[in-house]
Amino acid sequence: MLLNDRVCVITGAASARGIGKATARLFASHGARVAVLDLDAGQAEAAARDIGPGHIGLACNVTDRAACSTAAEEIIGRLGRIDVLVNNAGITQPLKIMEIGPENYDAVTDVNLRGTLYMSQAVIPAMRGQGSGAIVCMSSVSAQRGGGIFGGPHYSAAKGGVLGLAKAMARELGPDGVRVNSVTPGLIQTDITGGKLTPELKVEIAKGIPLGRLGVADDVANACLFLASDLSTYITGAVIDVNGGMLIH
Ligand code: NAD
């Protein structure tokens, strides 16, 4: 049990096959009390029920600063504290550079980058008050190699921004006992690609991955568990690749 009685907040954790839900389930199995946040209250509550008793689900659009603060207050009111935040909520779009319109840029940057800032700001006062906390930010291999497989340049830019934000938060919050780290997944089989990756394309992609397969949500959840738990107490500002060797650098 690596997270006994820790209160863990995971954004974008209602998606059935998603990284957030897998992380929520894994954290719960390690004794955590989990707050599942997502756009739809019903889906967030259902996901929380699904991982077991004692967890809560709340509607929270991470692009809305007030909604992030309200969610954090409710979690502290109901569960008493916040020990861990996983900034997982994200969207992507498969666009080429000249196809990116203002609305595409805003949508992708807002959820991935602004959302990471706002939700972190919502929990930092509580973590500072406790003198402890762990924040995990979901970036992407796309930030490191200039495009993953699916997301466009605006997604790479937003996820690159997440890395910078996380490192800067790590530097600023270290003295308060709050650690901040990032995870950079490769291609993970979830619903974020909206079914647009064909089986043939998946086989083709797997050929370029040294470990010979695409990732699954649990692969990323395991890295989040490490970064959220006391196994990583001397690690902050780090970036953990979970990509099967797709990018070795
Ligand atoms: P997913 O689509 O299954 O899950 C994303 C979740 O975020 C959904 O539940 C969605 O409702 C939620 N969400 C979207 N906008 C939101 C908002 N404004 N506020 C709150 N929640 C919101 O996708 P996933 O693949 O599990 O992705 C999880 C994270 O991992 C994302 O940040 C994604 O960019 C990142 N990632 C995924 C992959 C991959 O290959 N799947 C690779 C690298 C990084």
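Residues numbered from 1 in each chain as written. Predicted model: local features only at pLDDT ≥ 70, side-chain atom pairs only at ≥ 80, totals over all residues. Heavy atoms only, no water.

Going by what an unreviewed UniProt entry lists, the protein chain is known as NAD(P)-dependent dehydrogenase (Short-subunit alcohol dehydrogenase family) and is assigned to Methylobacterium fujisawaense.

S.K.: Explain helix 6 (residues 153–173) here, please?
M.R.: Because an α-helix completes one turn every 3.6 residues, residues spaced three or four positions apart along the sequence face the same direction. The end-to-end C-alpha distance of helix 6 is 30 Å, a good match for the 30 Å that 21 residues give at a rise of 1.5 Å each. For helix 6, the full list of buried residues reads His 154, Tyr 155, Ser 156, Ala 158, Lys 159, Val 162, Leu 163, Leu 165, Ala 166, Met 169, Ala 170 and Leu 173. Residues of helix 6 that are buried sit in contact with helix 4 (102–130), strand 5 (133–138), helix 5 (141–145), strand 6 (178–185) and strand 7 (239–242). (Helix = DSSP H or I, 4+ residues; strand = E, 2+ residues; numbered from the N terminus. Expected span 1.5 Å × (residues − 1). Buried < 20%, exposed > 50% of the residue type's maximum accessible area, 1.4 Å probe, protein only. Contact = heavy atoms within 4.5 Å.)

S.K.: Sorry if this is basic, but what is going on with the pairing of strand 4 (residues 84–87) here?
M.R.: Consecutive side chains of a regular strand alternate in pointing toward one face of the sheet and then the other. Of the two faces of strand 4, the one holding Val 84 and Val 86 and the one holding Leu 85 and Asn 87 are both buried throughout. Both strand 1 (residues 7–11) and strand 4 contribute to a ladder of three bridges, which runs parallel. Each residue of the ladder has a partner; that of Ile 10, found in strand 4, is Val 86. Of the crossover connections in this fold, the one passing from strand 4 over helix 4 to the parallel strand 5 is right-handed. (Pairing = 2+ DSSP bridges. Right-handed = clockwise from strand over helix to strand, strands pointing away.)

S.K.: Whenever I open this one, the environment of Ser 69 confuses me. Can you help?
M.R.: In this structure, Ser 69 sits in helix 3 (residues 65–79). Through-space distance from the C-alpha of Ser 69 to that of Ile 124 is 10 Å; in sequence the pair is 55 residues apart.

S.K.: Can you walk me through the site of the ligand in this structure?
M.R.: Taken together, 27 residues form the shell around the ligand, and within it Ser 15, Asp 38, Asn 88, Tyr 155 and Thr 190 come nearest. The side chain of Asp 38 places a nitrogen or oxygen atom 2.6 Å from an oxygen atom of the ligand. Between the ligand and the protein, one listed contact pairs a nitrogen atom with a side-chain N or O atom of Asn 61 at 2.9 Å. If you list the elements that add at least two residues to the shell around the ligand, you get helix 4 and helix 6. (Near = heavy atom within 4 Å. Polar contact = N/O pair within 3.5 Å; in protein donor to acceptor, adjacent residues only side chain to side chain.)

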